[in-house]
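Analysis of the macromolecular model
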Amino acid sequence: MSAAPGLERPQVVSHAQQSLSYTVFDCKWVPRSARLLCLGSAARGCGIAQLYELRGGRLELLREIEKPKPIKCGTFGATSLQQRYLATGDFDGSLNIWNLEAPEIPVYSVKGHKEIINSIDGVGGLGIGEGAPEIVTGSRDGTVKVWDPRQKDTPVANMEPVQGESKRDCWTVAFGNAYNQEERVVCAGYDNGDIKLFDLKTMSLRWETNIKNGVCSVEFDRKDINMNKLVATSLEGKFHVFDMRTQHPTKGFASVSEKAQKSTIWQVRHLPQNRDIFMTSGGSGSLHLWKYEYPAQRSKKDSEGAEMGVAGTVSLLQNVTLSTQPISSLDWSPDKKGLCVCGAFDQTVRVLIVTKLNKI
């Protein structure tokens, strides 16, 4: 790992912060707005969603919504820019979709899993990704399910352990490869280090590997292009970048791994305006900003003549420690380059500005 040479290093500047009276598990920018959502759990065991607006250097609370069960995760990825409905997964295994203008009753609700929904992702909404609007949920019950909100009660895909296979806690899910009406994949990461890539077109397991440590977060650099790169982060402070362009028949995808820190890397999020820059959030209360450099050639032939990928390199652009507690959630603004929000277990949400990103 080397710091990127000859560059004006970006700075991570704290712009606004807000103390919360509850544990925040996820935070999300509301698309096309200066608003953000914090989702979590109150001490008395109910779910909380707070809507804030960024006004100058402060966050103003617009609305607080209380729900019966703690809310673990949320996404806007399967909604239109007009509606901007929020999909959430809760501790009870329920998937709900909310109209934030009238949040009393969900516009869609299904008891999706037997246990907590750890992770959620959406695609086909917000003008990102071809095909139907879909939501994927990953749960402690070992299953990964894909939902079309236009279809009530039943998932359109259900990836569960085969007969006799032990169920693993699914910690993270992400959509990718949604570049036309037919193609779409889901990547899932599990507590035992398994990473599985499910092809939704053929309804098959396309690839799997194991990174020997619980997989906390997976994300494609873009959902709406031919699979390009995938980052997976782990419990032991390591992350792996897989080049997803070339799949070797036996070796799978080429990858580079990097030890970012000693503690868990909770999340990875790619900069929406530059797919080669990504941020990781850590158990030590720190954020690390990375840049991926492609190799001179992204593939080569092996001794049998089969194409195999070539991994690139990763350089550290900047890192900052913000909290004594883990930063468990992170989201870039889709509209304003360098603006991001993160939530930590010190019950604080922070809005940050990353400078000089256009010079990298």
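It should be emphasised that the depicted structure is a prediction, and the values quoted were computed from it without experimental measurement.

1. Topic: the overall build of the protein
Scanning the protein from terminus to terminus reveals zero helices and 31 strands. Considered along the principal axes of its C-alpha atoms, the protein spans approximately 60 × 50 × 35 Å. The buried share of the protein, taken over its 360 residues, is 58%. Accessible surface, the protein: about 14900 Å² in total, of which carbon and sulfur atoms supply 46%. On the protein, the mean spot of the 44 positive side-chain charges and the mean spot of the 40 negative ones are 4 Å from each other.

2. Side note on the sheet that holds strand β13 (residues 144–147)
Either a parallel or an antiparallel arrangement is found when strands of a sheet pair, and the pairing is made through backbone hydrogen bonds. Taken in spatial order, the four strands make up an open sheet running β11-β12-β13-β14, and their pairing is antiparallel. Each of the sheet's edge strands pairs with one partner strand only, and the pair in question is β11 (117–123) and β14 (157–159). Sheet twist, expressed as the average angle between the axes of neighbouring strands with direction ignored, equals 15°.

3. Here's the deal with the nonpolar core
Membership of the largest hydrophobic core comes to 18 residues, with the highest contact counts inside it found for Leu 36, Leu 59 and Val 351. The set of elements that each furnish at least two residues to this core consists of β3 (23–29), β4 (35–41), β5 (47–55), β30 (339–344) and β31 (348–354). The next biggest cluster of nonpolar side chains, apart from the first, holds 17 residues, and it includes Leu 317, Trp 332, Cys 340 and Cys 342.

4. Focus on the UniProt feature "repeat: WD" (unreviewed entry) in the protein
Following the UniProt record, one finds the feature "repeat: WD" (unreviewed entry) at residues 135–148. In residues 135–148, the share of helix is 0% and the share of strand is 64%. The end C-alpha atoms are 6 Å apart.

5. Details of the layout of surface pockets
The computed volume of the second largest pocket comes to approximately 350 Å³. In terms of lining residues, the second largest pocket is bounded by 19 residues, among which Glu 160, Pro 161, Glu 165, Lys 196 and Phe 198 are the most central. Among the elements that make up the lining of the second largest pocket, the one with the highest residue count is strand β17 (residues 194–199) (four residues).

6. Observations concerning the packing of aromatic side chains
According to the stated counting rule, one finds eight aromatic pairs in the structure shown. Residues Trp 266 and Phe 345 carry aromatic rings whose centres are separated by 5.2 Å and whose planes lie at 85° to one another, so their mutual orientation is edge-to-face. With a gap of 79 residues between them, Trp 266 in strand β23 (residues 265–270) and Phe 345 in the loop between β30 and β31 connect regions that are remote in the sequence. Trp 266 sits in the partly exposed class, given a relative accessible area of 30%. Owing to a relative accessible area of 26%, Phe 345 belongs among the partly exposed residues under this scheme. An aromatic cluster is present here, built from Phe 25, Phe 91, Trp 266 and Phe 345 joined pairwise through their rings. Above the face of the Tyr 108 ring, Lys 152 is positioned so that its terminal group lies 4.9 Å from the ring centre. Here Arg 184 stacks its cationic end above the ring of Phe 175, 5.8 Å away from the centre of that ring.

7. Points about the pattern of salt bridges
Under the defined criterion, the tally for this structure stands at 22 salt bridges. Here Arg 184 and Glu 134 are joined by a salt bridge, their closest N and O atoms 2.8 Å apart. One end of the pair, Arg 184, is in the loop between β15 (170–176) and β16 (185–190); the other, Glu 134, is in strand β12 (residues 134–139), with 50 residues separating them in the sequence. For Glu 307, the salt bridge identified is with Lys 301, shortest N-O distance 2.6 Å.

8. Remarks on empty space enclosed by the protein
Scanning all chains against the criterion turns up one cavity of 30 Å³ or more. When its volume is computed, the largest cavity comes out at roughly 60 Å³. Lining the largest cavity, in full, are Leu 39, Ala 49, Ile 65, Lys 67, Ile 71, Leu 86, Thr 88, Trp 98, Leu 100 and Pro 103. Elements supplying a minimum of two residues to the lining of the largest cavity: β6 (58–67) and β8 (86–90).

9. Some points on the pairing of strand β21 (residues 238–243)
As a general feature of sheets, a regular strand has side chains that alternate between the two faces. A large share of β21 lies buried, amounting to five of its six residues. Bridge count between strand β20 (residues 229–234) and β21: five bridges; the pairing is antiparallel. If you follow Leu 230 over to β21, its bridge partner there is Phe 242. Here β20 hands over to β21 after three residues, with Gly 237 in that stretch at a positive phi of 85°. As judged from the five bridges shared by β21 and strand β22 (residues 255–259), these two strands associate in the antiparallel manner. Looking at β22, one finds that Phe 242 is bridged to Ser 255.

10. Re the environment of Val 231
Within the element layout of this structure, Val 231 appears in strand β20. Between the C-alpha atoms of Val 231 and Val 241, which are 10 residues apart in sequence, the distance is 4.5 Å. Among all residues touching Val 231, those that are not within four sequence positions of it are Ser 217, Val 218, Glu 219, Phe 239, His 240, Val 241, Val 268, His 270 and Phe 278.

Reading the values: the criteria
- One numbering rule holds for all chains: residues counted from 1, following each sequence as written.
- For a predicted model such as this one, the threshold for reporting local features is a pLDDT of at least 70, and the threshold for listing and counting side-chain atom pairs is 80 or more; totals across whole chains, interfaces and linings nevertheless cover every residue.
- The side-chain numbers reported here are obtained from all heavy atoms of the structure, hydrogens and water having been left aside.
- Numbering of helices and strands runs from the N terminus, with a helix taken as a DSSP run of H or I at least four residues long and a strand as a DSSP run of E at least two residues long.
- Only protein chains enter the accessibility calculation, which uses a 1.4 Å probe; a residue is then buried when its area is under 20% of its type maximum, exposed when over 50%, and partly exposed in between.
- Here the Shrake-Rupley method, with its probe set to 1.4 Å, supplies the accessible areas, and only the displayed protein chains count as covering residues.
- Note on charges: Lys and Arg go in the positive column, Asp and Glu in the negative column, and His and the chain ends are not counted at all.
- A single reference atom marks each charge: NZ on Lys, CZ on Arg, CG on Asp, CD on Glu.
- The criterion for strand pairing is that DSSP finds at least two bridges linking the strands in question.
- Helix axes are fitted to C-alpha atoms over the stretch in contact, other axes to C-alpha atoms as well, and angles between N-to-C directions run from 0 to 180 degrees.
- Each nonpolar core is a collection of buried residues, namely Ala, Val, Leu, Ile, Met, Phe, Trp, Tyr and Cys, held together in the definition by side-chain atoms within 4.5 Å.
- UniProt positions are given in the numbering used here, feature names are shortened, and annotations may be inferred rather than shown by experiment.
- Cavities and pockets were defined on a 1 Å grid built from protein atoms only: a cavity is a group of points that admits a 1.4 Å probe but offers it no way out, a pocket is an open group of points flanked by protein on both sides within 12 Å along at least five of seven lines, and a lining residue is one with an atom within 4 Å of any such point.
- Grid points are joined across faces, edges and corners, and a volume is the space filled by probe spheres set on the points.
- Pairing of aromatic rings covers Phe, Tyr and Trp, the last through its six-membered ring, and needs centres within 6.5 Å; plane angles under 30 degrees mean stacked, over 60 mean edge-to-face, and all others mean tilted.
- Two conditions define a charge located above a ring, namely a distance within 6 Å from the ring centre to NZ of Lys or CZ of Arg, and an angle within 35 degrees of the ring normal.
- Each salt bridge in this description consists of a side-chain nitrogen of Lys or Arg and a carboxyl oxygen of Asp or Glu lying within 4 Å of one another.
- Any two residues whose heavy atoms approach within 4.5 Å are treated as being in contact.

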